[in-house]
Amino acid sequence: MQHSGPWLRRAFSRLRFRSTSATPLPAPPSPEELPDRQALARERDRLQRLINTNSDWLWEVDAQGRYVFVSEHSRHLLGYAPEQMLGHTPFDFMPPEEAARVGAIFGGIIAGKQPFSGLLNRNRRADGRMVILETSGIPLLAEDGTLLGYRGIDRDVTEREERAARIDYMARHDALTGLGNRPEFLSRLDARMASGEVQPRTAVVLLDLDFFKEVNDRLGHASGDALLRQLAQRLRDLLPPGSLGGRLGGDEFAVMLADQDVSDAMETATAIVGSLAAPYELEGRQAVIGVSAGLALAPLHARDGATLLRRADLALYHAKHQGRGRVCLYSAALEVSARAAEGLETALRRAVAEEVIGALFQPFYAARERRMLGCAVLPSWHCAEAGPVAPEVFLPLAEKTGLIIPLGALLLRQACEAARQWPPALRVQVPASAVQLRDPHFPALVEDTLQASGLAPHRLRISVTEAMLNEAQGAAARTLCKLRALGVSVALDSFGDSAMAVTTLLSFPFDRLRLGGAPVRSVATEPSASVARALTGLALRLGMAVDMVGVQSPQQWRAALELGCEEVQGELLCAPRAAPLVLEELFCAPAPLA
């Protein structure tokens, strides 16, 4: 056992205590006043049994805070017999730091000679285990108000408090990874910012996993959960002292860095991104994901937690928009861009609701016969406030906001209605986004639109790009199969414009492979010519027709013929045009092959 420190003796010495032994004893009773001794003994035994069978522990301390009475239940609570505790103070059974904490509270209580209840304190049992007691007591006062001691009760609330602690922990931590959850992270960030600890600096790194959904689709949700647990452990191992990691939800994580300047924070964030993007082993299978990060620092970029987090999120969005797998530092320019995007989003919502976004049609031709076979749809938007807006600007915004679903339905309907007016030999090609490929209702939308327009299913071609496949890998295969079952053909558009594993190409039931991007731009020279030949040969062996898009020169057209491409499309042959002008193109020969 430990002995109470001098702080306890000082607390009690401030009061004018008088021991019960100093109280003058009354005159002894006369013989006729003595009650029946046997009755007293019986009453005493009954009271003792009542005390000893109570599940709580009863006690009394004297003026110096030392136990003068301890009930038998002390054996159960602390593992000490009552006689072992007599002469000791309650603080002798607590760890030093707990004794100091509780002693400071109790010092104020005894100074006011106040009763107390529900005082929680940790105690060490005789076997070394810790128990949590809930203590209540009342003061014992002499007739003149002098404090003689305290009498009270202790109750074992270890299980209750541990259960409450578990509930509190679960409320503040992510159940899967054990990292702090969003409320906990925001609370800790707000507390740090409010405490004035922004000097030295505080940094927030927001992390978003790229292509994590594909891991779930390909390997299953159990493997996805295992990956997140491994990732969380890597994150813990990487965090510098004083930092905090959290899972904000889904595949979004956050890190709060303490006392780091811009260069230090960028170095740390870059190291985190590199480590988290390394391959994961999941039950003998390897999974690879990408990680993008946004970084903002206080007080450089913000002086409150909400603003700091929002600006880190702006930087994260910019990092993903710039190609993923990188760290982006917040700047004021991002704020200006975000505000412009907010205005553009409002205008886009209005344009979709009012159906003022239209479809342009770019014809594609038989490579050898040079006759028109159909048209590819290109969305076109002339914003009343901003003027013409390029598809590469408003389509990503539509995907981010979910507007791509009604916008895609609008373009599909316009395309089918226009093609219904064309000769039956002409087809129409409509692009689909990753959001549409993940939408389980998309095949039904296509079927309903075909029926409403009266267009035969074989005249509709749905095209997707490599980027769309990367974002909706698992769902894309199911959607494309359903589309083909309707009689609609599917094409992989602009193939070669971004990196894509050939094995991934094997997973999708494409009817056509449409070469585009870098291999086409320099297809007349090596090594692009060899790449184009290899891709064409692979597609032909897989039973796919091969086309070339983005044809802008006679050399590219000639290369398409040499590769055996069936269709060609590009500015050299015809620029995009409105639906009424498509029929005129039937009577115009394409530009001659020089």
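Residues numbered from 1 in each chain as written. Predicted model: local features only at pLDDT ≥ 70, side-chain atom pairs only at ≥ 80, totals over all residues. Heavy atoms only, no water.

Draft legend 1. Region of interest: helix 10 (residues 262–276). Across its 15 residues, helix 10 extends 21 Å between first and last C-alpha, which sits within 8% of the 21 Å expected from 1.5 Å per residue. Along helix 10, the residues classified as buried are Ala265, Thr268, Ala269, Ile272, Val273 and Leu276. Mapping the buried residues of helix 10 onto a view down its axis gives an arc of 135 degrees, with all of them on the same face. In this structure, the buried side of helix 10 is in contact with strand 6 (202–210), helix 9 (221–238), strand 8 (252–258), strand 9 (280–282), strand 11 (290–298) and strand 12 (327–329). (Helix = DSSP H or I, 4+ residues; strand = E, 2+ residues; numbered from the N terminus. Expected span 1.5 Å × (residues − 1). Buried < 20%, exposed > 50% of the residue type's maximum accessible area, 1.4 Å probe, protein only. Arc of directions from axis to C-beta. Contact = heavy atoms within 4.5 Å.)

Draft legend 2. A look at the pattern of salt bridges. Tallying each qualifying case throughout the model produces 32 salt bridges. In this structure, the salt-bridge partner of aspartate 511 is arginine 484, at a minimum N-O distance of 2.9 Å. Of this pair, aspartate 511 sits in the loop between helix 19 (502–505) and strand 19 (512–515) while arginine 484 sits in helix 18 (residues 473–485); the two residues are 27 residues apart in sequence, bridging distant segments of the chain. On the accessibility criterion, aspartate 511 (23% relative accessible area) is partly exposed. Of the charged contacts, one joins arginine 514 and aspartate 493 as a salt bridge, the two residues approaching to 3.2 Å between their closest N and O atoms. Placement of the pair is arginine 514 in strand 19 and aspartate 493 in strand 18 (residues 489–495), with a sequence separation of 21 residues. One salt-bridge network, held together by shared partners, links Arg461, Asp493, Arg512, Arg514, Asp547, Glu566 and Glu567. (Salt bridge = Lys/Arg side-chain N within 4 Å of Asp/Glu carboxyl O.)

Draft legend 3. Quick peek at the packing of helix 9 against helix 10. Contact pair helix 9 / helix 10: the axes reach a minimum separation of 10 Å and the direction vectors enclose 150 degrees. Considering the angle they form, helix 9 stands roughly antiparallel to helix 10. Considering how the two elements wind past one another, helix 9 and helix 10 form a crossing that is right-handed. Contacts between helix 9 and helix 10 involve Leu231, Arg234, Leu235 and Leu238 on the former and, on the latter, Ala271, Ile272, Ser275 and Leu276. Taken together, the residues of the contact of helix 9 with helix 10 sort by class into six nonpolar, one polar and one charged. (Axes fitted to C-alpha atoms, helices over the stretch in contact; angles between N-to-C directions. Parallel < 35°, antiparallel > 145°, perpendicular 65-115°, else oblique. Left-handed = near helix turned anticlockwise from the far one by under 90°. Nonpolar A, V, L, I, M, F, W, Y, C, P; charged D, E, K, R; others polar.)

Draft legend 4. Representation of the pairing of strand 13 (residues 358–366) within the structure. Extensive coverage of strand 13 is indicated by the burial of seven of its nine residues. The pairing of strand 13 with strand 14 (residues 372–383) spans eight bridges and is classified as antiparallel. Among the inter-strand pairings, glutamine 362 is bridged to a residue of strand 14, identified as alanine 376. As consecutive antiparallel partners, strand 13 and strand 14 are separated by five residues, and within that stretch arginine 370 has a phi angle of approximately 60 degrees, a positive value. Here strand 13 runs beside strand 21 (residues 567–569); their pairing, made up of two bridges, is antiparallel. (Pairing = 2+ DSSP bridges.)

Read these as spatial facts, not as claims about activity.
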